[in-house]
Amino acid sequence: MEFFTLENKNGMKLKLTNFGGIVSEIHVPDRDGTLADVTLGFETVEEYQDHNDAYFGAIIGRFGNRIGDCSFCLDGTYVSGLHANDGKNHLHGGKRGFDKVVWDAEEISGDGFTGVKLSYLSKDGEEGYPGNLQATVIYKLTDANEWVIEYEATADKTTVYNPTNHAYFNLAGHAGPSPLDHELQINSEFYTATDDGGIPTGAIVPVAGCGMDFRQAKAIGQDVDEAGVVSSRGGFDHNWVIDKRPDEFALAATAWDPKSGREMKVYTTEPGVQFYSGNFLDGSLKGKGGTVYQKRSGFCLETQHFPNSPNIGHFPTTTLRPGEVFKSKTVYAFGVR
Ligand code: BGC
């Protein structure tokens, strides 16, 4: 296992390890050009191996977020026995998901970027999923201050696939003041309602008039408690349906820290984004530089297909068939305002 540090012509830096494809540092300039590391994480691979229960910076697979009751029906075959690691449900790929495996890594570069190509063969039956799945994830850091993620995969049996990245952000710096005063705008009119276990029921609910409404930018903290009451999820921890055409590469969300001026725009080909306000961080994790990560000290914008899609026929499909090539792209673009 090793670390790779990417640096662009503006001095922006991104550090990652091939353990779990974890991005452990992202150094971004503020409006005065001062760099800060805006992602939560640890310093060593050992810490990520031992206690990355929060999935800091990791690739999530085979399935981002939850699958209800650890089972689903796929082309008439009942797939059961996914690992139950969230009550009776399956979360983020199971016991040893893509966040805990060692990826093959190859450094790459091209016009205006440097990067690392990560590859992993997930064997037939791993964590209960059918088919050998050959997955690649390319991370690039561009001279336009973008962190680009390109996912590809093929399978030799019909299966499901829904990867994402679980980076936590605080645009004031990972050790900085709470991001609850960051302004967030999400390009979405609907979210997928869940049961108390966080499993989408299939209902697609308008955000208008409730705390889930981020059509206009507002502080993350403004309605965070109301969201917790409405959903029993203890704050924002939901999938928003991005207002775009299928496969269109479009803006999903914009986060902005008024104090430092740092801004992050999230673009994706995916139909959904899980906005998670770090509700389960509780001060028990000590990260880089001894920083204690308190409740809601970082937030995630995880681009994805909707959680529990294999069980909800009218959600965009996560089925991957032999002969098909899964492709997905997400960009976190940093700037200042
Ligand atoms: C989920 C949360 C979960 C967290 C794990 C998020 O993507 O939606 O419910 O607790 O990941 O850190």
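It should be emphasised that the depicted structure is a prediction, and the values quoted were computed from it without experimental measurement.

Caption draft 1: Expanded view of the overall build of the protein chain. A count of helices and strands for the protein chain gives two helices and 28 strands. Against the compact-globule benchmark of 20 Å for 337 residues, the protein chain has a radius of gyration of 19 Å, which places it among compact chains. Sequence separation of 24 or more characterises 67% of the internal contacts of the protein chain that already satisfy a separation of 6 or more. With 30 positive and 46 negative side-chain charges, the protein chain shows a separation of 1 Å between the mean positions of the two kinds.

Caption draft 2: Structural view of the sheet that holds strand 16 (residues 183–186). Overall, antiparallel pairing links the nine strands, which are arranged 10-11-12-13-28-22-21-16-19 in an open sheet. Bordering the open sheet on either side are strand 10 (104–110) and strand 19 (218–219), each of which pairs with just one other strand. When strand 16 meets strand 21 (residues 250–256), the two strands line up antiparallel, connected through four bridges. Bridged to Gln185 within strand 21 is Thr254.

Caption draft 3: Broad picture of the site of the ligand. As a structural note, the neighbourhood of the ligand is formed by 13 residues, with Asn65, Arg66, His166, Asp237 and Glu302 the closest of them. Side-chain polar atom of His166 to an oxygen atom of the ligand: 2.7 Å apart, as the coordinates give it. Contact between the ligand and Asp237: an oxygen atom at 2.4 Å from a side-chain N or O atom of the residue. Coverage of the ligand by the protein amounts to 94% of the 310 Å² it exposes when considered alone.

Reading guide: rules and limits
- Residues numbered from 1 in each chain as written.
- Predicted model: local features only at pLDDT ≥ 70, side-chain atom pairs only at ≥ 80, totals over all residues.
- Heavy atoms only, no water.
- Helix = DSSP H or I, 4+ residues; strand = E, 2+ residues; numbered from the N terminus.
- Rg over C-alpha atoms; globule rule 2.2 N^0.38 Å.
- Contact = heavy atoms within 4.5 Å.
- Lys, Arg positive; Asp, Glu negative; His and termini not counted.
- Charge placed at Lys NZ, Arg CZ, Asp CG, Glu CD.
- Pairing = 2+ DSSP bridges.
- Near = heavy atom within 4 Å.
- Polar contact = N/O pair within 3.5 Å; in protein donor to acceptor, adjacent residues only side chain to side chain.
- Areas by Shrake-Rupley, 256 points an atom, 1.4 Å probe, with all protein chains shown as cover.

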